[in-house]
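Coordinates in review
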Amino acid sequence: MTAKGTLNIKPSTGWQMEPIWLPSPEAVLSRLGEIATLGFRNSTLAEHLGFSLFRVIVGFLLGAIVGIPLGYAMGLSNWFRGWFDPIVEFMRPVPPLALIPLVIIWAGIGEVGKIILLFLAALWIMAIAARSGVSGVRISKVHAAYSLGASKWQIMRHVIIPNSLPEIFTGARVAMGVCWGTVVAAELVAAEKGAGMMIMVASKFQSTDIVLMGIILIGIIGFTIDMLMRWAERWLVPWKGKG
Amino acid sequence: MPGLQIDKLSMRFDLPNRTSVQALEDVSIDLKAGELLAVLGPSGCGKTTLLNIVAGFLAPTSGEITLNEKRVHGPGAERGMVFQQGALFEWMSVRENVGFGPRMKGMAEKPKREIVDHLLDVVGLQEFKEKAVYELSGGMQQRVALARCLANEPDVILMDEPLGALDALTREKMQGLVLKLWKETGKTIILITHSVEEALLLGERLIVMAPRPGRIHKEYNLPFAEMGVGQDLREVKKHPDFATTREEILSMIWDMEEEIMGGAAK
């Protein structure tokens, strides 16, 4: 009640989140600007993210280089399927993160270990995608090619491989996503540079703004990778799903 | 003797549960070069198996096939095949699909283009030649399949229900096209169909097959294919003989179906 007789209520401010738990968007943004110019832990922001991306790309490419021929061999030969199907089917459901301790024992915590881990993450996905791409070919397409005079090798080159590309692209999208998730987790465990290392170290110093910034950047990059893969898919295999 | 001889063909499929299915028993057909044979029958009578054996995708249990005095082993370019659907290569344009056979033979670019252009004119798809095949309608896709088969200059064309998935109007148009191509190219054609009307319209000769075991039930020599060349196919259908033969075959197939159902119930 004021002197003039009006009610004057000041509402309670309630429970206020302190920036140490949840910093304001402005704070996160300004920290982004700061780290982008000054860097974090002797490396620029671009270096941190670039290292993570580099590991993902190398690991994924190695996984694809080995996995796709392995998948083709499994799709085409019973011998290969007999030997590798149990291995692939066993390894596929093992989360790559569960392999981190073993990879550290074998290859240490350096670049080699991380790339081996990402290679393994991509390998099984790519092998399964390539295999289902091969075995998914409609028998009438193969028959048609035979009755048009194509040899076995020509059928491989002109029918089976193009027919499997859409499946392989789907596999590549999944594998890139898994690799990106795995690299961040691997960097949480141990790394000199990398997006995961950045947020792990920041969390030890309670720099929540850096942690949040890192999470958002990781999300944006993961999303961008997927969009780029989709775009490449539309461009390279426009016949996907049209068979 | 030129032409296609199918001699005492039998095919038995062994099933995993130690029983077997006699898909074909003692099927013999003697086809002169340039004849159009329609094969008709209830489902499960082995007509597709017969075609797959002639194409060389399946090896028969016994019997043999001779094309122009040479025994047939495995698939070959002299026996072209047109499938019902989904056998075009969707990663290739219309032009590339039609040129597939010549390209596999290693033909030079120029003669190949001439063949492809000519055939696209014949089937009326010249303006669609750079399109992807999945952009075309079902009827147009089957035109591509026909042209692709013809580009290889096969002696025999095997058609496995090529018009089965088309709507009624497109189907009529395509029947006219098949007749026209048959007359113009003089190819030997075996056409499998489950439409009695189509078999009557297109088949110069017609074989009705019976199931379990798959065998030839009755054979006809028909005048309608000859009449249909250069004439509206609907006029042919009005012919009194057309209606009588159609009824005769329909009731024949009905009886077979009933027999199968009765057999299953016992």
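Quick caveat, the model's predicted, so the values are computed rather than measured.

About the thresholds
Within each chain, residue numbers correspond to sequence positions counted from 1 in written order. Written order decides the labels, with chains lettered from A and ligands numbered from 1. Reporting of local features is limited, given that this is a predicted model, to residues whose pLDDT is at least 70; pairs of side-chain atoms are given and counted only at 80 or more, and all residues count toward the totals for whole chains, interfaces and linings. Side-chain metrics rest on all non-hydrogen atoms present in the structure, leaving aside hydrogens and water. Each helix is a run of H or I in the DSSP string that is no shorter than four residues. Each strand is a run of E no shorter than two, and both are numbered from the N terminus. Two things to know: the radius of gyration comes from C-alpha atoms, and the globule rule equals 2.2 Å times the number of residues to the power 0.38. Accessibility here uses a 1.4 Å probe with only protein chains present; expressed as a share of the type maximum, an area under 20% marks a residue as buried, one over 50% as exposed, and anything in between as partly exposed. When checking whether two residues touch, look at their non-hydrogen atoms; a contact exists if any pair is within 4.5 Å. Note on areas: Shrake-Rupley, 1.4 Å probe, and residue coverage restricted to the protein chains presented here. Defined here as a combined quantity, buried area equals the accessible surface (1.4 Å probe) lost by two parts on assembly, summed across both. Salt bridges are identified by distance alone: a Lys or Arg side-chain nitrogen within 4 Å of an Asp or Glu carboxyl oxygen. Source of the domain bounds: an automatic or database domain assignment. Two strands make a pair as long as DSSP finds a minimum of two bridges between them. Only buried residues count toward a nonpolar core, which is a set of Ala, Val, Leu, Ile, Met, Phe, Trp, Tyr and Cys residues joined through side-chain atoms within 4.5 Å. Patch criteria: residues need more than 30% relative accessible area and no salt bridge. Like-charged residues are merged within 9 Å; nonpolar side chains of Val, Leu, Ile, Met, Phe, Trp and Tyr are merged within 5 Å. To define axes, lines are fitted to C-alpha atoms, for helices over the stretch in contact only, and angles between the resulting N-to-C directions are given on a 0 to 180 degree scale. These descriptions rest on fixed angle ranges, namely under 35 degrees for roughly parallel, over 145 for roughly antiparallel, 65 to 115 for roughly perpendicular, and the rest for oblique. Helix crossings are classified by the rotation of the near helix relative to the far one: an anticlockwise turn of less than a right angle makes the crossing left-handed, while a clockwise turn makes it right-handed. Whether two aromatic rings pair depends on their centres lying within 6.5 Å, for rings of Phe, Tyr and Trp, where Trp uses its six-membered ring; planes under 30 degrees apart make the pair stacked, over 60 edge-to-face, and the rest tilted.

Let us look at the overall build of chain A. Regarding its fold elements, chain A presents nine helices and zero strands. Secondary structure elements of chain A occur, N-terminal to C-terminal, as α-α-α-α-α-α-α-α-α. The globule rule puts the C-alpha radius of gyration for 243 residues at 18 Å, and the 25 Å found for chain A is more than 25% above it. Along the first, second and third principal axes, the C-alpha set of chain A runs to 100 × 50 × 35 Å. Within the span of chain A, comprising 243 residues, buried residues form 44% of the whole. A separation of at least 24 residues holds for 76% of the contacts in chain A among residues at least 6 apart in sequence. Summing over all exposed atoms, chain A offers an accessible surface of approximately 13,500 Å²; the carbon and sulfur share of this is 70%.

Attention now moves to the interface of chain B and chain A. The interface of chain B with chain A comprises 24 residues on the first partner and 20 residues on the second. The contact between chain B and chain A buries some 2,000 Å² in all, and 67% of this surface belongs to carbon and sulfur atoms. Ranking the residues of chain B by area buried against chain A places Trp91, Met104 and Tyr134 of chain B at the top, with a combined share of 34%. Joining chain B to chain A, the criterion identifies one salt bridge.

A few words now on the pattern of salt bridges. Here the idea is simple: oppositely charged side chains can pair when their charged atoms come close. Counted by the stated rule, this structure contains 29 salt bridges over all chains. Measuring nitrogen to oxygen at the nearest pair gives 3.5 Å for the salt bridge that ties Arg31 of chain A to Glu34 of chain A. Placement of the pair is Arg31 of chain A and Glu34 of chain A together in helix α1 (residues 25–38), with a separation of three residues, close to one helical turn. For Glu34 of chain A, a relative accessible area of 39% translates into the label partly exposed. Here Asp226 of chain A ties to Arg173 of chain A by a salt bridge, and the two come within 3.2 Å at their closest N and O atoms. Here Asp226 of chain A is found in helix α9 (residues 208–236), whereas its partner Arg173 of chain A is found in helix α7 (residues 152–189), with 53 residues between them in sequence. For Arg173 of chain A, a relative accessible area of 24% puts it in the partly exposed group. Counted as one network, the salt bridges with shared partners bring together Glu172, Glu197, Arg234, Lys237, Arg246 and Glu247 of chain B.

We now examine the domain arrangement of chain B. All names here are of chain B. In terms of domain boundaries, chain B breaks down into domain 1 (4–78 + 156–265) and domain 2 (86–153). For domain 1 versus domain 2, the separation of C-alpha centres amounts to 26 Å. Counting from both sides, the interface comprises 13 residues of domain 1 and, opposite them, 11 residues of domain 2. In total, domain 1 and domain 2 occlude about 1,100 Å² of area from one another, counting both sides; carbon and sulfur atoms represent 74% of this. When the buried area of domain 1 at its contact with domain 2 is split by residue, Met174, Leu177 and Leu181 rank highest and sum to 37% of it.

With that settled, consider the pairing of strand β4 (residues 62–67) of chain B. All names here are of chain B. By the bridge criterion, five bridges tie strand β1 (residues 4–14) to β4 in an arrangement that is antiparallel. Across the sheet, the residue bridging to Gln5 is Thr66, located in β4. Examined bridge by bridge, β4 and strand β5 (residues 70–71) share two bridges and lie antiparallel to one another. Following the sheet pairing, Leu67 is matched in β5 by Lys70. From the end of β4 to the start of β5, which pair antiparallel, there are two residues, and Asn68 there has a positive phi angle of about 50 degrees.

So, about the nonpolar core. Ranked by internal contacts, the top residues of the largest apolar core, which has 57 residues, are Phe60, Met126, Val159 and Met213 of chain A together with Phe100 of chain B. Mapped by element, the contributors of at least two residues to this core are α1, α2 (45–76), α5 (111–135), α6 (139–147), α7, α8 (195–204) and α9 of chain A together with α3 (100–104) of chain B. Of all the elements, α7 of chain A adds the most residues to this core, at 13 residues. The contacts of Val159 of chain A, once residues within four sequence positions are left out, are Val137, Lys141, Ala145 and Gln154 of chain A together with Phe89, Trp91 and Phe100 of chain B.

What follows covers a nonpolar patch on the surface. A cluster of nonpolar side chains, namely Trp15, Met17, Ile20, Trp21 and Leu22 of chain A, defines an oily patch on the protein surface of about 640 Å² accessible area. When you line up the elements, Met17 of chain A lands in the segment before α1.

Right, let's talk about the packing of α2 of chain A against helix α3 (residues 78–91) of chain A for a bit. The description of two helices packed together rests on the angle between their axes and the distance between the axes. Residues and elements named next belong to chain A. In contact at an axis separation of 6 Å, α2 and α3 are set at 125 degrees when each is read in the N-to-C sense. Considered as vectors, α2 and α3 are oriented oblique to each other. Every pair of crossing elements has a handedness; the one defined by α2 and α3 is left-handed. Judged by residue contacts, Leu70, Ala73, Met74, Gly75 and Leu76 of α2 engage Asn78, Phe80, Arg81, Phe84, Asp85 and Val88 from α3.

Looking now at the packing of aromatic side chains. Residue and element names in this part refer to chain A. Within the structure shown, the criterion is met by eight aromatic pairs over all chains. Judged by centre distance (6.3 Å) and plane angle (50 degrees), the rings of Trp79 and Trp83 are tilted. On the criterion of helical spacing, the pair formed by Trp79 and Trp83 is a turn pair, its members being four residues apart in helix α3. As far as the burial class goes, Trp79 and Trp83 line up, both exposed. Among the aromatic residues, those joined into a cluster by ring pairs are Trp79, Phe80, Trp83 and Phe84.

Moving on, we come to the side chain of Thr66 of chain B. Relative to the elements of secondary structure, Thr66 of chain B occurs in strand β4. Every residue in contact with Thr66 of chain B, bar those within four places of it in the chain, is listed here: Gly3, Leu4, Gln5 and Arg71 of chain B.

Let's shift gears to the side chain of Asp209 of chain A. Following the sequence through the fold, Asp209 of chain A ends up in helix α9. When residues no more than four places from it in sequence are discounted, the contact partners of Asp209 of chain A are Pro23, Val28 and Arg31 of chain A.

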